[in-house]
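Residue-level structural notes
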Amino acid sequence: MASGTGNSPPPAHEEEQVLEGEDAFEIPSKNASHDHLRRWRQAALVLNASRRFRYTLDLEREEEKENLRRIIRSHAQVIRAVFLFKEAGQKNLGEYCTSIKDETLSQRFSVDLKKLKMLNRDHDAVIFQEVGGVKGLSDLLKSDLDRGVSPDENELVRRRDIFGANTYPRKERRSIWHFVFEACQDLTLVILMVAAAISLSLGMATEGVKDGWYDGGSIFFAVFLVIFVTATNDYRQSLQFQHLNEEKRNIQVEVIRGGKRLVASIFDLVVGDVVPLKIGDQVPADGILIYGHFLAIDESSMTGESKIVNKDQRAPFLMSGCKVADGYGSMLVTGVGINTEWGMMMANLSEDTGEETPLQVRLNGVANLIGIVGLLVAGAVLVVLWLRYFTGHTKNPDGTTQFLAGTTGVKQGFMGAIRILTIAVTIVVVAVPEGLPLAVTLTLAYSMRKMMRDKALVRRLSSCETMGSATTICSDKTGTLTMNKMTVVEAYLGGKKMDPYDNASTMCTSVTDLLIEGIAQNTTGTVFMPEDGGATEVTGSPTEKAILSWGLMIGMDFKDVRSKSSVLHVLPFNSEKKRGGVALQVSDTEFHIHWKGAAELLLASCRSWLSTDGSVQPMNSIKDPCRPGVRNAVQLCSTAGVKVRMVTGDNVGTAKAIAVECGILDAKDAASEPNVIEGKVFREMSETAREDIADKITVMGRSSPNDKLLLVQCLKRRGHVVAVTGDGTNDAPALHEADIGLSMGISGTEVTKESSDIIILDDDFTSVVKVVRWGRSVYANIQKFIQFQLTVNVAALVINVVAAVSSGDIPLNAVELLWVNLIMDTLGALALATEPPTDNLMKRHPVGRREPLVTNVMWRNLFIQALYQIAVLLIFNFDGKRILRLQNESWEHAGKIKNTFVFNAFVFCQIFNEFNARKPEEKNVFKGVTNNHLFMAIVGATTVLQILMIEFLGKFFDTAKLNWRLWLLSVAIGAVSWPLAYLGKFVPVPVRPLQSYFKHCSCRRGPHRDEEQGGKS
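Residues numbered from 1 in each chain as written. Predicted model: local features only at pLDDT ≥ 70, side-chain atom pairs only at ≥ 80, totals over all residues. Heavy atoms only, no water.

1. Here we look at the packing of helix H36 (residues 891-918) against helix H39 (residues 964-975)
- The geometry of H36 relative to H39 is characterised by a closest axis approach of 7 Å and an angle of 40 degrees between their N-to-C directions. Here H39 runs oblique to H36, going by the angle between their axes. Pair H36 / H39 crosses with right-handed handedness. The residues of H39 that touch H36, namely those facing Ile-897, Phe-901, Asn-904, Ala-905, Phe-908, Cys-909 and Phe-912, are Leu-966, Trp-967, Leu-969, Ser-970, Val-971, Ile-973, Gly-974 and Ala-975.
- For the contact of H36 with H39, the residue count by class is 12 nonpolar, 3 polar and no charged. (Axes fitted to C-alpha atoms, helices over the stretch in contact; angles between N-to-C directions. Helix = DSSP H or I, 4+ residues; strand = E, 2+ residues; numbered from the N terminus. Parallel < 35°, antiparallel > 145°, perpendicular 65-115°, else oblique. Left-handed = near helix turned anticlockwise from the far one by under 90°. Contact = heavy atoms within 4.5 Å. Nonpolar A, V, L, I, M, F, W, Y, C, P; charged D, E, K, R; others polar.)

2. Things to note about the confidence of the model for the protein
- The predicted model of the protein has a mean per-residue pLDDT of 77, with 78% of residues at 70 or higher.
- Below a pLDDT of 50 lies the segment residues 87-106, which in the model reaches 25 contacts outside its immediate sequence neighbourhood of four places, other chains included.
- Across residues 999-1017, where pLDDT falls below 50, the model places 48 contacts with residues more than four positions away in sequence or in other chains. (pLDDT = per-residue confidence, 0-100.)

3. Points about the nonpolar core
- Residues Ile-758, Phe-765 and Phe-906 are the most contacted members of the largest nonpolar core, which totals 156 residues.
- With 19 residues, the top contributor of residues to this core is helix H33 (residues 765-807).
- Once you skip the residues sitting within four places of it in the chain, Phe-906 turns out to touch Val-792, Ala-795, Ala-796, Ile-799, Leu-812, Val-820, Gln-869 and Leu-873.
- Formed by 41 residues, the second largest nonpolar core is a distinct cluster that contains Leu-137, Val-255, Ala-285 and Leu-289. (Core = buried A, V, L, I, M, F, W, Y, C linked by side-chain atoms within 4.5 Å. Buried < 20%, exposed > 50% of the residue type's maximum accessible area, 1.4 Å probe, protein only.)

4. Observations regarding a nonpolar patch on the surface
- Together, Val-944, Leu-945, Leu-948, Phe-952 and Leu-953 make up an exposed nonpolar region whose accessible area comes to about 450 Å².
- Residue placement: Phe-952 occurs in the loop between helix H37 (933-951) and helix H38 (954-957).
- Its relative accessible area of 59% is what places Phe-952 among the exposed residues. (Patch = residues over 30% accessible without salt bridge, like charges linked within 9 Å, V, L, I, M, F, W, Y side chains within 5 Å. Areas by Shrake-Rupley, 256 points an atom, 1.4 Å probe, with all protein chains shown as cover. Salt bridge = Lys/Arg side-chain N within 4 Å of Asp/Glu carboxyl O.)

5. Things to note about the sheet that holds strand S9 (residues 472-475)
- An order of S8-S23-S22-S21-S9-S18-S20-S19 is seen for the 8 strands of this open sheet, with the pairing classed as mixed. Edge positions in the sheet fall to strand S8 (456-458) and strand S19 (676-678), since each of these pairs with one other strand and no more. Going from strand to strand, the sheet's axes swing by 20 degrees on average, the running direction of each strand aside.
- Across the sheet, helix H30 (residues 705-717) touches S9, strand S18 (643-647), strand S20 (699-701) and strand S21 (722-726), and the angle it forms with S21 is around 165 degrees. (Pairing = 2+ DSSP bridges.)

6. What about the side chain of Ser-756?
- Take Ser-756: it is sitting in the loop between helix H32 (750-755) and strand S23 (758-760).
- Within the structure, Ser-756 has its side chain in polar contact with the side chain of Ser-743 (distance 2.9 Å).
- Among the polar contacts made by the side chain of Ser-756, one reaches the main-chain carbonyl oxygen of Lys-753 at a distance of 2.7 Å. (Polar contact = N/O pair within 3.5 Å; in protein donor to acceptor, adjacent residues only side chain to side chain.)

7. Digging into the pairing of S9
- Burial of S9 is two-sided: the residues Thr-472 and Cys-474 facing one way and the residues Ile-473 and Ser-475 facing the other way are all buried.
- Summarising the sheet, S9 and S18 pair through 4 bridges and their orientation is parallel. Looking across to S18, one finds that Thr-472 is bridged to Lys-643.
- Strand direction decides the pairing type here: S9 and S21, joined by 3 bridges, are parallel.

8. Some words on the pattern of salt bridges
- Counting across every chain of the model gives 22 salt bridges.
- Between Arg-261 and Glu-254 there is a salt bridge; the shortest N-O distance is 3.1 Å.
- Under the relative-accessibility criterion, Glu-254 is labelled partly exposed at 26%.
- Between Arg-717 and Glu-691 there is a salt bridge; the shortest N-O distance is 2.7 Å. Note that Arg-717 is positioned in helix H30 and Glu-691 in helix H29 (residues 687-694), a separation of 26 residues in sequence.
- Assessed through its relative accessible area of 30%, Arg-717 is described here as partly exposed.
- Beyond isolated ion pairs, a larger network of salt bridges with shared partners links Glu-155, Arg-158 and Arg-159.

The following block contains the structure:
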């Protein structure tokens, strides 16, 4: 789907019908229904279900989890008691339980632990009053409502020992033996092991132990090698996913300790901590409200009811895991970890389930098609070989007939039949690409780990893929395109500019006092003055910090000013109101109301302004500079066919200035309305008018969260794949609606992060562009692996089928085919699916989500290499003894050398073709190859193992040693694939996808670009 095409996609319900009616292997990129997920599982051809479906959603477990959540909500007390009873018998009880001897507790804290648990569990107002309310409770817990607990590490450890840590039991990490057992469940490998066991026993019975164990033993060894490499690879992936899951759980929260606001991990909280809360935060533990202004809590995660509960001194109890829907305040932590209902729930639901991605499901469709062909071919080979064998048309290497009815013994005949069955099953192993869908998880695990280094934390796997198809990015301004580090640069008072801006000498005392009072009281930030005389620390949002810092410059004493007046009422700032205010009582007869927010809204509410004689309305200017590198990142997006749009709550003038500075907007287009629009104007348009103008919008100023949502919906209906950035709680609907939701890790709220697919850890737009590169890299790497694997599939199947039908034997035995499978499947995926992204990826247009996985360029490359391998290796298979001048050798030895040479040449063809697969469209396939150390290591290891197999393990693998001339010829045959691939890139390919010629092909394609893809360099 190209950027800016303007073609509208079919309505959602029509798309559903297409998916339902035609292709089971297509699922939506977001919020796929269980029916969709169940249908593709039923349609898939699977030989090892436990491995194939490991990283997919366990639908039965999901239903069990939902039932468990309901049970926990209904019977929390009973389950907690059972859980703690079970934990009592375990050695590590002290890590999660808070039970200690009463006498030890009473020596340290004057509160009964049982009573504290009852308070958290039952929200018992009687107990709450008994302990003296929140002030009395803080005294009993040896905490201070203003300063919190001591930051001393020994004190924190003591509290964790007594009241427990804010963690919950996790399921033990699966060992590598679990993955070994899982790999052993592959149906084909089980059949091969049974066949190897039969071959081993019969071989030793007929030929003796010394020589009879080689055939069966070599198959056993090859199977165990496949199992070991597969299990090791899967285990490494599992460790990577576990590490990423730990990062997702590790929420950073603000906590007050020793009078200072600190940022700490949610796992580090202790009972007695004082935690500030603001809109969008997750309540990190059970606690009691200290104070709150319009504090509203969404308790649906705990109660199951979508109901916002207002919290005040009459309803002060806060439950861990809930979200702050509005307002702000602070809480005293009274329960952590397993002693909270949230911790108990998470302990029971701690195992993460998988998640299938659209690309993974589509690859299952490709694997399905290849597998069916492979099964048919293997079945045909089995029937042909058995018919030739039992009818006496199969010869031994010395020319004698292998089976003669009435002459050949039962054991010998049975051994021959088992050998043929082993070959057929091994063809199935090679033909059915079980590892193809798992290559997605491999490249995703690799990409997610690397994206963490690029400051992007992936919460939903499929977003990595979808980001590669993004055609537009709707970005915030503050903190994403700009640095989110604000300072006051100009100040105007009474219509006059203050020069310098921190010079308060021009103001009379009453004006200064009034201004400082508004700055100190109408804020959610704080100013911390260290007792040792160190540097003053200002905390809060960037805007709050800028204003508070300016207040300090003009002589504000934060603590003193706040003590001189009492707060009567607070109206917290949010993105809907765009302003916040505070009402103060200064004396018995004097009251002040201070406002701050969007300038045009505040000025519209003013009736007058007064001059410097005592009644003054100050107007301040705050600048947020553009981030370094943003302009280049925006230009890179433009080159890649991704349009960047700015959607901001700032006024249109500021938005235009920043957009021009960042390169989003040309200076000549800055004044035209289709490019620059106000949220209100867009909101008031009809739905049709909004759709018509959506493509043209580059900057939207003074937008509300709902305006952003409307724009996303319009762009999606216009056929765009939309990525959206957001940080505020009200951005959650737009993030959820977008194809890819990107939340900000620093300024973003927990609600926003939970609604997003990817968290940008440094809030920088350049990191968003890096995510686009990685998204395209995932798709490109999978295509490289598919091209490589299909080439091996086609060549191996055709060579074996032709040889079997014509001569009754095949040049590649079971052990050799298993080795080829290892190169093609696990090692090939490791080598090609972990290629880092290149700059060339950002010179292409976005990949359409319905674009075929196997493009015409890939088909061209595949057919050229496969036809070459088939032609050359079949020539050597049928006439190799003459070509290789083996007439003087014995018939049996000549046949073994010929087969070994064919096998060796085939393997080297794959090794050299692995380089070709790195760059399907570029002529220079060696560019950057030395930077991929894993690729080089795998190619080197494959070559060394191949040499060992031929030269030193010949008896074990039924191969013969090759002289240096045959080694050079094998390598030369493989090396021809390089110039062949180079010349093949000059062959143009048709625009129409090859798959479209086949009506029932599983890989369908939507609208495609009208351009040829051949001949690119």
